[in-house]
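Listed below, chain by chain, are the residues.
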Amino acid sequence: MKLFIGNKAYSSWSMRGWLACKQSGLPFEEVVVPLYSDEWDRRREGNEFAPGGGKVPILWDGEDCVIWDSLAIIEYLNEKTDNKLFWPDDVHARAMARSMAAEMHSSYAALRRECTMNIRRIYPDAKIGPEAQADVARILQIWAEARARFGGLGGGDGDFLFGAFGAVDIMFAPVVTRFISYSIPVPPFAAAYMKAVIEHRFVQDWIASAQEEEWVIDQYEIAPEG
Ligand SMILES: N[C@@H](CCC(=O)N[C@@H](CS)C(=O)NCC(=O)O)C(=O)O
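The rules behind the values
- Residues numbered from 1 in each chain as written.
- Predicted model: local features only at pLDDT ≥ 70, side-chain atom pairs only at ≥ 80, totals over all residues.
- Heavy atoms only, no water.
- Pairing = 2+ DSSP bridges.
- Helix = DSSP H or I, 4+ residues; strand = E, 2+ residues; numbered from the N terminus.
- Axes fitted to C-alpha atoms, helices over the stretch in contact; angles between N-to-C directions.
- Contact = heavy atoms within 4.5 Å.
- Expected span 1.5 Å × (residues − 1).
- Buried < 20%, exposed > 50% of the residue type's maximum accessible area, 1.4 Å probe, protein only.
- Arc of directions from axis to C-beta.
- Polar contact = N/O pair within 3.5 Å; in protein donor to acceptor, adjacent residues only side chain to side chain.
- Near = heavy atom within 4 Å.
- Areas by Shrake-Rupley, 256 points an atom, 1.4 Å probe, with all protein chains shown as cover.
- Nonpolar A, V, L, I, M, F, W, Y, C, P; charged D, E, K, R; others polar.
- Parallel < 35°, antiparallel > 145°, perpendicular 65-115°, else oblique.
- Domains from an automatic or database assignment.
- Buried area = accessible area lost by both parts, 1.4 Å probe.
- Salt bridge = Lys/Arg side-chain N within 4 Å of Asp/Glu carboxyl O.

**Digging into the sheet that holds strand 4 (residues 65-68)**
For step 1, the next point in the chain: Taken together, the four strands give an open sheet; going across it, the order is 2-1-3-4, and neighbouring strands pair in mixed fashion. What marks the edges here is a single partner per strand, and that holds for strand 2 (29-32) and strand 4. Each strand of the sheet is rotated relative to its neighbour by a mean of 15 degrees, with strand direction disregarded.
For step 2, the next point in the chain: In terms of strand pairing, strand 1 (residues 2-5) meets strand 2 through four bridges, oriented parallel. Paired with Ile-5 across the strands is Val-32, a residue of strand 2.
For step 3, the next point in the chain: Seen against the sheet, helix 3 (residues 70-80) touches strand 1, strand 3 (58-61) and strand 4 and runs at an angle of roughly 135 degrees to strand 4.

**Thoughts on helix 4 (residues 91-106)**
For step 1, the next point in the chain: Taking 1.5 Å of rise per residue, the 16 residues of helix 4 would be expected to cover 22 Å, and the 22 Å separating its terminal C-alpha atoms lies within 8% of that figure.
For step 2, the next point in the chain: Among all positions in helix 4, only Ala-93, Met-96, Ala-97, Met-100, Ala-101, Glu-103 and Met-104 are buried. For helix 4, the buried positions fall inside an angular range of 160 degrees around the axis, keeping them on one side. Turned more than 90 degrees away from the buried face of helix 4, the exposed residues are Val-91 and Ser-106.
For step 3, the next point in the chain: On its buried side, helix 4 packs onto helix 1 (12-24), helix 3, helix 5 (109-114), helix 6 (130-150) and helix 7 (167-181).
For step 4, the next point in the chain: If you check the start of helix 4, you find a side-chain oxygen 3.0 Å away from the backbone N of His-92, and it comes from Asp-90.
For step 5, the next point in the chain: Count one or two residues on from helix 4 and you reach Tyr-108, which has phi positive near 60 degrees.

**Regarding the site of the ligand**
For step 1, the next point in the chain: Inspection of the region around the ligand gives Ser-11, Ser-12, Trp-13, Tyr-36, Trp-40, Arg-44, Lys-55, Val-56, Pro-57, Asp-69, Ser-70 and His-105 as its neighbouring residues.
For step 2, the next point in the chain: With respect to the ligand, the side chain of Lys-55 contributes an N or O atom lying 2.9 Å from an oxygen atom.
For step 3, the next point in the chain: The contact in question runs from an oxygen atom of the ligand to an N or O atom on the side chain of Ser-70, over 2.6 Å.
For step 4, the next point in the chain: For the ligand, the protein covers 79% of the area, taking 510 Å² as the surface of the free molecule.
For step 5, the next point in the chain: When residues of the shell around the ligand are traced back to their parent elements, those giving at least two are helix 1 and helix 2 (38-45).
For step 6, the next point in the chain: Residue classes in the shell around the ligand are distributed as five nonpolar, four polar and three charged.

**A word on the packing of helix 1 against helix 3**
For step 1, the next point in the chain: Where helix 1 contacts helix 3, the axes come no closer than 9 Å and their chain directions differ by 5 degrees. With respect to each other, helix 1 and helix 3 are oriented roughly parallel. Contacts between helix 1 and helix 3 involve Trp-13, Arg-16, Gly-17, Ala-20, Cys-21 and Ser-24 from the first element and Ser-70, Ile-73, Ile-74 and Leu-77 from the second.
For step 2, the next point in the chain: Split by residue class, the contact of helix 1 with helix 3 holds six nonpolar, three polar and one charged.

**Here we look at the domain arrangement of the protein chain**
For step 1, the next point in the chain: Domains assigned within the protein chain are domain 1 (2-83) and domain 2 (91-210).
For step 2, the next point in the chain: In this structure, domain 1 and domain 2 have C-alpha centres spaced 21 Å apart.
For step 3, the next point in the chain: Contacts between the two partners involve 22 residues from domain 1, matched on the other side by 26 residues from domain 2.
For step 4, the next point in the chain: When domain 1 packs against domain 2, the two sides together hide about 2100 Å² of surface, and 70% of this comes from carbon and sulfur.
For step 5, the next point in the chain: Ranking the residues of domain 1 by area buried against domain 2 places Lys-8, Met-15 and Arg-16 at the top, with a combined share of 29%.
For step 6, the next point in the chain: Where domain 1 packs against domain 2, one counts one salt bridge.
For step 7, the next point in the chain: Of the charged contacts, one joins Arg-98 and Glu-75 as a salt bridge, the two residues approaching to 3.0 Å between their closest N and O atoms.
For step 8, the next point in the chain: The interface formed by domain 1 and domain 2 holds seven residue pairs in polar contact (both at pLDDT 80 or more) in total.
For step 9, the next point in the chain: Looking at the side of domain 1 that touches domain 2 element by element, the count peaks at 10 residues for helix 1.
For step 10, the next point in the chain: Of the residues belonging to the side of domain 1 that touches domain 2, the class tally is 10 nonpolar, seven polar and five charged.

Right, here's the structure in full:
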């Protein structure tokens, strides 16, 4: 498999696609194409980016199978690994997990607009507007519900929302890094969950690579002012 992604410092959807590939345990080649660079423009004109409308992540499995869009990549890799590694076994937990992943995929526009992902930065005094604050409140609410109902799944004594690291954590990992970058206050259960996500080895690998990148995109380096 071959996964095309953007900058690890900035590209949140790429992070999800990449974490999904890591979670699958299947071998894949990663190709980082820095967003809005000359190489980016060149690649976008080529056949490899075309199926996804020129966006990343885009996953090729051989020459005939292409999956674009982070959630579709998760579902494809879930099927390819016999439905064992991404979603909870319990049907009610799985229903909630899928709802949360879908909500993450389709929502929180204000948070995403105001607090663009920048893994290399921490803004201690970031001020976010009321709509982004509402997004944060909603995310904390569904994290709390999942944690209360399904946190102990599989006898898990960790701090993940559904017992073990999976699709929901992959979808929310760039939210966790945003909450840290923009110093968003969170209750203790959420801090514990965020720590579990950040300390996961795949997330650590991604962050380490992001720290080493030298590309800078000015528009993603601005702290929000509410
Ligand atoms: N819904 C898509 C979003 C993909 C997306 O917007 N990717 C961004 C990078 S984070 C991108 O390629 N932006 C470049 C552009 O829109 O020109 C997904 O889930 O993968």
